[in-house]
Amino acid sequence: MYDIRRLILLRDLAEHTTMTAVSELHGITTSAVSQQLRILEDEVGAVLTRREGRVLRLTHAGRVLVDHTSRVVAALEEAESAVAATGESVTGVLTLATFQTALTRLALPVATRLGREHRGLRVRLIDAMPVNSVPAVRQQEVDLAITYTYSFRARDLPAGLASEFLFDDPLVLLAPTPLRERARQHGLGAVADVDWIAASDGAPSIVSVMFACRQAGFTPRIEHRCGSFTGMAEMVEAGFGVAVVPEMAVAEAHRHLVACPVSNGARQIGVTYRQASIERPAVAAAIRALRMVAGPLQLAS
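Report follows, based on the coordinates. (Residues numbered from 1 in each chain as written. Predicted model: local features only at pLDDT ≥ 70, side-chain atom pairs only at ≥ 80, totals over all residues. Heavy atoms only, no water.)

Let's talk about a nonpolar patch on the surface
A surface patch of nonpolar side chains, about 200 Å² in accessible area, is lined by Leu 103, Leu 108 and Leu 125. With respect to the helices and strands, the residue Leu 125 is situated in strand β4 (residues 121–127). Residue classification places Leu 125 among the partly exposed residues on the basis of a relative accessible area of 32%. (Patch = residues over 30% accessible without salt bridge, like charges linked within 9 Å, V, L, I, M, F, W, Y side chains within 5 Å. Areas by Shrake-Rupley, 256 points an atom, 1.4 Å probe, with all protein chains shown as cover. Salt bridge = Lys/Arg side-chain N within 4 Å of Asp/Glu carboxyl O. Helix = DSSP H or I, 4+ residues; strand = E, 2+ residues; numbered from the N terminus. Buried < 20%, exposed > 50% of the residue type's maximum accessible area, 1.4 Å probe, protein only.)

What follows is the structure, given as structure tokens:
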């Protein structure tokens, strides 16, 4: 019978393509990864990888084995979840990843609710962006992740994961005092000729900003770059330009900067989890709590 730990190393190699990446992922040396994969090849009796330049690709035998590995790992977790569901109480440790702007509105209320309703459950919160938290869910480093997808930008989940929509987080235009009334009356087009503040190219938010501006008939003149929505708001307050940010990211101190909503612009907030873990009592309880906390936010949006 194949060793499940070696199968997981091969699965991760298929995704990350280098021994170095797999060794960093599992906290072991590159030579240890190489040794374990050589042992697996001996067990299987077939070559599982081939080198293409600087990366390793799976052979046909390797791909077949990885396909089965995904099902085996899911079946093991389903078994663990089913056994846990036979218990009378929700106990253990639940790790919930959340991006920063969802911490106050979602993650903390959910953790508080779970702690109150299930005394035997300990909730751990991890600050992580979806680009990092989704792989962490897949790797079983966290149990669930509060995630988002911007309008006009699709996201494909890795096999074995599922995501449930919670609510829309509308995009809004922040503008300094002289421009707010103009933007309220005429929308984004009214600030087409001013300086813009935006995230760096490649950041998740930039695609929605560019799309919304094109819909309004112009290409924004991005003069300033900032990786923080709070920083963008402070720059708007100081008169450096305008910015589009998610409504949930606007602090109370900056609410007066909101000029208008962005037509058809939003972040879709959701929770991502492993399908095989859905019967685990702690995971099911967390998803129920997220639905309850998100309910009023969905109505508000």
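Moving on, there is more to tell.
Some words on the pairing of strand β1 (residues 49–52)
By the bridge criterion, four bridges tie β1 to strand β2 (residues 55–58) in an arrangement that is antiparallel. Looking at β2, one finds that Arg 51 is bridged to Leu 56. The loop that links β1 with its antiparallel partner β2 comprises two residues; one of these, Gly 53, has a positive phi angle of about 65 degrees. (Pairing = 2+ DSSP bridges.)

A word on the nonpolar core
Ranked by size, the top nonpolar core spans 64 residues in total, and within it Leu 106, Leu 144, Ile 146, Leu 173 and Trp 196 carry the most contacts. Here the element with the most residues in this core is helix α10 (residues 281–300); it accounts for 10 residues. Not counting residues up to four positions away in its chain, the partners in contact with Leu 173 are Ala 183, Leu 188, Val 191, Trp 196, Val 242, Ala 243, Val 244, Leu 257, Val 258, Ala 259, Cys 260 and Val 262. In terms of nonpolar packing, the next biggest core, distinct from the first, is built from 14 residues, Leu 10, Leu 13, Leu 40 and Val 66 among them. (Core = buried A, V, L, I, M, F, W, Y, C linked by side-chain atoms within 4.5 Å. Contact = heavy atoms within 4.5 Å.)

Observations concerning the packing of aromatic side chains
Inspection of every chain in the model, using the stated rule, returns three aromatic pairs. Ring geometry for Tyr 148 and Tyr 150: centres 5.4 Å apart, planes at 85 degrees, overall edge-to-face. For the pair Tyr 148 and Tyr 150, a shared accessibility class is recorded, and that class is buried. Judged by centre distance (6.0 Å) and plane angle (50 degrees), the rings of Trp 196 and Phe 218 are tilted. Remark: Phe 218 occurs in the loop between α8 (204–215) and β8 (221–225) and Trp 196 occurs in strand β7 (residues 195–198); sequence separation between them is 22 residues. The class for Phe 218 is buried, based on a relative accessible area of 11%. Each residue in the set Phe 99, Tyr 148 and Tyr 150 is aromatic and connected to the rest through ring pairs, giving one cluster. It is Arg 267 that lies over the ring of Tyr 148; its NZ or CZ is 4.8 Å from the centre. (Phe/Tyr/Trp six-rings, centres within 6.5 Å; stacked < 30°, edge-to-face > 60°. Lys NZ or Arg CZ within 6 Å of the ring centre and 35° of its normal.)

Brief notes about the side chain of Thr 272
Looking at the element boundaries, Thr 272 is found in strand β10 (residues 258–274). With a relative accessible area of 0%, Thr 272 lands in the buried category. In this structure the side chain of Thr 272 is engaged in a polar contact, spanning 3.1 Å, whose partner is the side chain of Thr 147. Among the polar contacts made by the side chain of Thr 272, one reaches the side chain of Ser 163 at a distance of 3.3 Å. (Polar contact = N/O pair within 3.5 Å; in protein donor to acceptor, adjacent residues only side chain to side chain.)

Digging into the sheet that holds β4
Across the sheet, which stays open at both edges, the six strands sit in the order β4-β3-β5-β10-β6-β9 with mixed pairing between neighbours. Of all strands in the sheet, those bounded by a partner on one side alone are β4 and β9 (243–246). Here the average twist between neighbouring strands, direction ignored, is 25 degrees. (Axes fitted to C-alpha atoms, helices over the stretch in contact; angles between N-to-C directions.)

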